Every structure is written in structure tokens, then in C-alpha cells.
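Take a look at the letters that make up each chain.
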Amino acid sequence: MTDNLKTPKVNTRKSAEINPPKDLLQVEDVQLLAEGITTVVTLHLKAHHLICYSSPSTPPQGTSTPSKPAKSRSVVFAYALFSSVIYRPTPPTSSHQSSIRIRTRDFRFARLIFNQDKQARDVFETLKSWNRSIQDEKLVAACFSASAPLAERDVNSSISSRASPASSQVDLDLEKVEGELSDTEKLEDQMISASSKIEIQDAPHIYGAQQNNLIVDARPTVNALAMQAAGKGSENMEHYKFAKKAYLGIDNIHVMRKSLDVVIEAIKDSDVSKLPPNRDLLAKSGWLKHITGVLDGSALIARQVGIQHSHVLIHCSDGWDRTSQLSALSQLMLDPYYRTIEGFVVLVEKDWLSYGHMFQLRGGYLNSEKWFKIDKDAMAGSAINPGDRGEGRSDTFETLFQGTKRLFAKTQTSAQDHADRESGDLLEDAKSANSAKEATDLENISPIFHQFLDATYQLLHQHPTRFEFNERFLKRMLYHLYSCQYGTFLYNNEKSRLDARVHERTNSVWGYFLANKVQFLNPQYNGEINDNVRGQERLLFPKLDKVRWWNDVFNRSDADMNGPSNAVTERYLGGDMTPDRGRSSPSPRPNPNNLGINQGVLTGVETAHAALTVNRTSSPTRVVSNGAVAGFATLRDGIAGLGLGKGKSASGSSSGANGGNSPASWKGKGREMEVEMQ
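Residues numbered from 1 in each chain as written. Predicted model: local features only at pLDDT ≥ 70, side-chain atom pairs only at ≥ 80, totals over all residues. Heavy atoms only, no water.

In the annotation of an unreviewed UniProt entry, the entry for the protein chain reads Putative Phosphoinositide 3-phosphatase, and the organism field reads Glarea lozoyensis. Under the heading Sequence similarities (unreviewed entry), UniProt records this for the protein chain: "Belongs to the protein-tyrosine phosphatase family. Non-receptor class myotubularin subfamily." (UniProt positions renumbered as here; feature names shortened; annotations may be inferred.)

Encoded structure:
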């Protein structure tokens, strides 16, 4: 029977040799510092792993050969495990060597030290090009090509060559629209168009066919690149060749909070004085500059969608502050529906509440001990006077009072007091834990939604016939943002509101607005849409030179907040007091030497092939390099030299290619960028 059993056939043919993946980059004589031990290795950058290979050491001459040959050792890092990659360049004159510090998700730390800075930079750029998100790239490419026929949706193909369905909107008279744009807006559009290697055809204006698809990074360029230098942050446009990226100079939540604090300081004497606010402080607050920047960025997005018929992706650091502002305001400019009461409610629900803006954290609804202070100045006989900072006095009486208080506290050492404190430990611990959980985080309060309403007020004031609601509607919404009378703006996200059963336990603020709709109607509203009639167009854009103080919100008169100009204010906001020709009175004009509201929010445009930086006095500056953007790379190097990962600014003496991009020249930006990265 065994003869009948068939022996399995064995394939004696040699299996085809599988060639190992080629190195993306190989660098010799690199020092690997890990666990306090330095090893000289050769780096092999593969498609998915970084391999640090150490060759076996050769025994010294005259010694016997070991019985067992020494084995080579290798340390392998998978790119997918990288959580932080920080490149630290050094100037040629430095005694230190350039290095890369790697931290992985399985809590390994390693530092690679290079003989040449170019080696370190090449390795860093290569690692960054493979610590990317393929899923994100494909998702964005799919969204940007959504208007193309199915057979032509290839992420590597040119979007400009694809056919698109006819636009759902009436094409606008572009010459008329462009004629109404300010010089700042024209410059921004010129920068975005000039950054493309593909010419924009005048006709037909079909949605998605103009190769102006845009990724908008709302952060200042320096902040965005600082996060990128730390291994986080922003898109590498080498992998988003189907789009351009525009950097907007909109500051973070901390800058906005400090700006409002200065405004409050300027108007705080309204209880004791009828004098107008401190106009110098109002100007120095930068509040109008920030509002103008948000409006400018939103208008840029609206022009790309409504006029250039392109797709736009918006993001900032987290995506629930500046992103919500830009997204909501651009839709307000694009779609007349959102200018109705019902549409505005939908817009807030969609782009703020459902999107996850942290109303509780940004609004600071909960308690904070720092909000309650005791001012003992009256005990010393002093009165409150306009201009006082309200922080108490450090006079002799106060010193004596505090000293007596401390002495009295030290004498309370009775046994009963000790027993009371001991028995109350558990209760105090519980109170402390609950207090820490419920207390307001003062460092995360920021008037982000307030700014959105302020920017909406600017549009309403400049286009009074285009909105169904009136100013009172916006002012009451700001009031109920903080009143906690309704559950709409409670908690930080939709899940928290669902878990707390807010919809069951509280009323909605929208019910209040709809029940009292007649109070919030704009009598000048004209809801007719006709793109061929001035004042009835579908799109509307802000007049950046007409941005003003929303005086009613600050309980001040229009004359107090928007009264006669003064030289200090105009100079700070970017204007001068030189009279225009033909005018009898001074009229502020943009001053390119000042950073003010007359300066555009766009700070740079980047593609896979080129980068443009802003030059307000002439045409955009174009910087082109092979496969990388030289200007941005130099800026990135300067930022990396700051050592942001260590929480402090580093200094340096070398100059970059442009002379001003050395680490030393960025010292003043250190704190702001650290805050951005937190």
C-alpha cells in the first residue's frame, strides 16, 4: 500500500531572489547616542524603517583572532512609531555638531550626531517625507478632484486638464469684481496665481478647473514652520502637488486674549468717569488688526471658491478656533442663506457647536479664585480714580496689615485647630480635586466666538441691506454666550452635551431668538438675489479699510470708540496722517513700513515647486528650487536652531542664505512659537 502513496512533489527550482529595498539614503560615520552610550553607525534609510547599522570592530594588530567572529549589530526604528523628530542645525563655526533627536511611541529616545550639517538636513527631510499621512493625502486629493469625471480621478494627474460639471452659480463679471478689490486683495490673488506653474485660463470659469485649489494654514508662517521643524504641524507640499498652501498671519488664542485684556484696560473707567476710553490703549490692543485679519483671510477663501471656482481646505493648529472663524465667515460671504436668521443659526450649529469649538474652555464659564480680589486701598483712605490699575497699593499700611496677618496665623497652634485640620483633610482633598476639575483654565480663555460675531457685525455694518438680522441679534448672542441661561453653548463638544442630557435639561437659545424674531429683524433687508444688480449680488466681501469698533458691545458711544482720529492710533494701525491730494482733511493711508490693519493677512504661498513671500512694496518675491523651497527651508533651519523642544530659545551667530534667518534673529519669536506648540 505504501507503494501506492504518492509522494508530494517538491519544487527544487530556486525561488526567485527578492531584492532588498534600496536605500533612500545612506550615511556613514554617524554617532548614535542612546541610553547614554555612543556608537558609530551607518544609517540606512529604507522605505519604512530607519536602520542604524554598526559594523563589527576589527581587532588591533598583533592580537589573536577571536574564536567566534564578532557580529554586526543594528537598531531599527519604524517610521510609523515616530512621535517627534527634531533637527538641530549648527553654524559652520560652531564646535557642536548638527543632530537629530528621535522619540518614538514606544518611549525610545535616540540622538543622531552628524559630521556635516548637510547630512543631518538630508536625513531629516527624508525622514519627514516618510513620517507623512498617506490617508490624508489621498483624502484631500479625492476631495479636490470631486468635481472631475470618475474615470479621470487620478491623484497624480493634473486637475487643470479635467472636465467639470457646469457651475451651479451664475458666473460673475470678473472685471467688475476685480475693480472693487483693494490693492491688498489684488496682491493676495496675484500671489496665489503666481505660485502655480500652470496658467489660469480665462474661460470657461468652471468650478474646480482653474488649478487654484488651496490649502489654507491659518497660522503665521513662523509658527507653522516651528511646529513642522519639531516633527509636527503642516503639509509637505511635495505630497500635495495638486494644490497650493497659503499661510495666514492670524495669531493664536493667547494673543487674542491679551488683545482683549488691553481693550478692557482702555475702557475700564466707565463706572467712575464720563471721559472717552484711552485711545492709545485701544490702538495698541491690536483688536481691530485681528478682526481685519480674520475678515481678510475669510475673503481670500471666499474669492477662491466664489470667483476662482476652486476647492479650499482650511486648518490651523487644532482646527476648532481659527478654522471655525474662517470657515463660517467665508460661507457667510458666499451664501445668502447664512445671512438669514435661520441660516445663521444653522451656521453656528454646523461650524461651531457640531464641529467641536470648546465653548466652556474658551468662555471660562466656571469658577476661578483669581477673579475675586480684595482691594484694601479704601482702608488706607484712598479713593478710586480714573487710570488706576485696580491692583491695590504697596504702601506702608498694606505692609503692616500683611505682616500682622502672618503673625496672627503663626500663633494659631492650639490642639483644637490641629484636630480640626486633621479631621478635615479628606473633605479638603475632595474639594481640591473637584475644584481642579471644575476651575476655569485662565490660559485657555480666548474671545474666538466673540471675534466671529464682531467680524459678522463688520459685514452687517458695511452691507446693511444684505442681512435679515440686525445688530441686536449679534449682541444678544454674545450675551447668551456667557449667560449660561440656555444650554446651547455649555460644555466643550457635542458628546459632553449629550452625556449631560443638555437637550433634556435646558432650553435652547435658538428657541429664544425664534420666539422673539421680530426684535431681531433688519428693516433694511433686501433678500432678492441678482448678480447683475449692484447691491443684490450673491457674494459679498468686506471693506477692510472700513473696519471699526463695535462700540455697543463695549457699552460705549460711537463717538467714544470711533471718534476723531489721532496720530498715535493711525500710526499704530498702519496709516499716516498725510492728506490725500484733493482732500482738505487728513485721511489715513496704508504705510508699508508698519504692520497694521491695512496690511494683508496672507504671509506666504507654498507649492511643491515654489514659494512666494510677501513684499508689500513691489511684486511678490518668488523663490524656486529643485524639489524643495529654499526660502522656507532657510526659515525652517532658523526655527529649528531655537531648540523649541527644550522650551527655550537658543542663540546663534551664523546668518542664513538671506542674511536674517539665523537662530539669533528669531530669538524674539521664541515665546510666541512655544505657546503655539502647546
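Moving on from the model shown.
1. Section: the overall build of the protein chain
Across its full length, the protein chain carries 23 helices and 15 strands. Per-residue burial for the protein chain yields a buried fraction of 44% across its 678 residues. The contacts in the protein chain between residues at least 6 apart in sequence include a share of 66% that link residues at least 24 apart. Carbon and sulfur atoms provide 52% of the accessible area of the protein chain, an area that totals close to 37100 Å². (Helix = DSSP H or I, 4+ residues; strand = E, 2+ residues; numbered from the N terminus. Buried < 20%, exposed > 50% of the residue type's maximum accessible area, 1.4 Å probe, protein only. Contact = heavy atoms within 4.5 Å. Areas by Shrake-Rupley, 256 points an atom, 1.4 Å probe, with all protein chains shown as cover.)

2. A closer look at the UniProt feature "active site" (unreviewed entry) in the protein chain
Those residues carrying the UniProt feature "active site" (unreviewed entry) are Cys 316 in this numbering. Within the secondary structure, Cys 316 is located in the loop between strand S10 (312–315) and helix H9 (322–334). Cys 316 gets classed as buried once you look at its relative accessible area, which sits at 6%. Those residues in contact with Cys 316, other than ones at most four positions away along the chain, are Asp 217, Ala 218, Arg 219, Arg 322 and Thr 323.

3. Some details on the pairing of strand S1 (residues 25–34)
Inspection of the sheet shows S1 paired to strand S2 (residues 37–45) by eight bridges, in the antiparallel sense. Its bridge partner lying in S2, Gln 26 is registered against His 44. Between S1 and S2, which follow one another and run antiparallel, lie two residues, and Glu 35 among them has a positive phi close to 55 degrees. Relative to strand S7 (residues 109–113), S1 runs antiparallel, the two being bridged by three bridges. Opposite Gln 31, over in S7, you have Ile 113 as the bridge partner. (Pairing = 2+ DSSP bridges.)

4. Some thoughts on unusual backbone geometry
For Asp 29, which is not glycine, the phi dihedral falls at a positive 55 degrees. If you trace the backbone, Asp 29 turns up in strand S1. Taking relative accessible area as the criterion, Asp 29 reaches 48% and is therefore assigned partly exposed. Residue Arg 501 is not a glycine yet carries a positive backbone phi of 55 degrees. Along the polypeptide, Arg 501 turns up in the loop between helix H17 (494–499) and helix H18 (502–505).

5. Topic: the packing of aromatic side chains
This structure, assessed with the given rule, holds 26 aromatic pairs. On the numbers, 5.1 Å between centres and 85 degrees between planes, the contact of Trp 352 with Phe 449 is edge-to-face. Note that Trp 352 is positioned in helix H10 (residues 341–353) and Phe 449 in helix H15 (residues 448–462), a separation of 97 residues in sequence. Phe 449 matches Trp 352 in its accessibility class, with the two residues each being buried. Where Phe 449 meets Phe 489, the ring centres are 5.7 Å apart and the plane angle is 50 degrees; that geometry is what we call tilted. (Phe/Tyr/Trp six-rings, centres within 6.5 Å; stacked < 30°, edge-to-face > 60°.)

6. Considering H15
With 15 residues, H15 ought to run about 21 Å at 1.5 Å a step, and its terminal C-alpha atoms sit 21 Å apart, in line with that. Of all the 15 residues making up H15, 14 are buried; the element is thus mostly covered by neighbouring parts of the structure. (Expected span 1.5 Å × (residues − 1).)

7. Looking at the environment of Phe 82
Take Phe 82: it is sitting in strand S5 (residues 82–88). Note: C-alpha distance between Phe 82 and Arg 103 (21 residues apart in sequence) is 6.2 Å. Not counting chain neighbours up to four residues away, the residues in contact with Phe 82 comprise Leu 50, Phe 77, Ile 102, Arg 103, Thr 104, Arg 105, Leu 127 and Asn 131.

8. A word on the packing of H10 against H15
Two elements in contact, H10 and H15, have axes whose closest approach is 13 Å; the angle formed by their N-to-C orientations is 145 degrees. Regarding H10 and H15, the two cross each other, and that crossing is right-handed. Residues Phe 344, Leu 347, Val 348 and Trp 352 of H10 pack against Ile 448, Phe 449, Phe 452, Leu 453 and Thr 456 of H15. Residues belonging to the contact of H10 with H15 are distributed by class as follows: eight nonpolar, one polar and no charged. (Axes fitted to C-alpha atoms, helices over the stretch in contact; angles between N-to-C directions. Left-handed = near helix turned anticlockwise from the far one by under 90°. Nonpolar A, V, L, I, M, F, W, Y, C, P; charged D, E, K, R; others polar.)

9. A look at helix H8 (residues 287–306)
Spanning 20 residues, H8 covers 28 Å between terminal C-alpha atoms, matching the ideal 28 Å at 1.5 Å per step. H8 sits mainly inside the fold: 18 of its 20 residues count as buried.

10. Section: the sheet that holds S1
With antiparallel pairing, seven strands are arranged side by side in an open sheet as S4-S3-S2-S1-S7-S6-S5. Looking at which strands have only one partner, the edges of the open sheet turn out to be strand S4 (73–78) and S5. Adjacent strand axes in the sheet meet at a mean angle of 30 degrees, parallel and antiparallel pairs treated alike. Contacting S1, S2, strand S3 (49–54), S5 and strand S6 (99–104), helix H1 (residues 117–130) runs over the sheet at an angle of about 155 degrees to S5.

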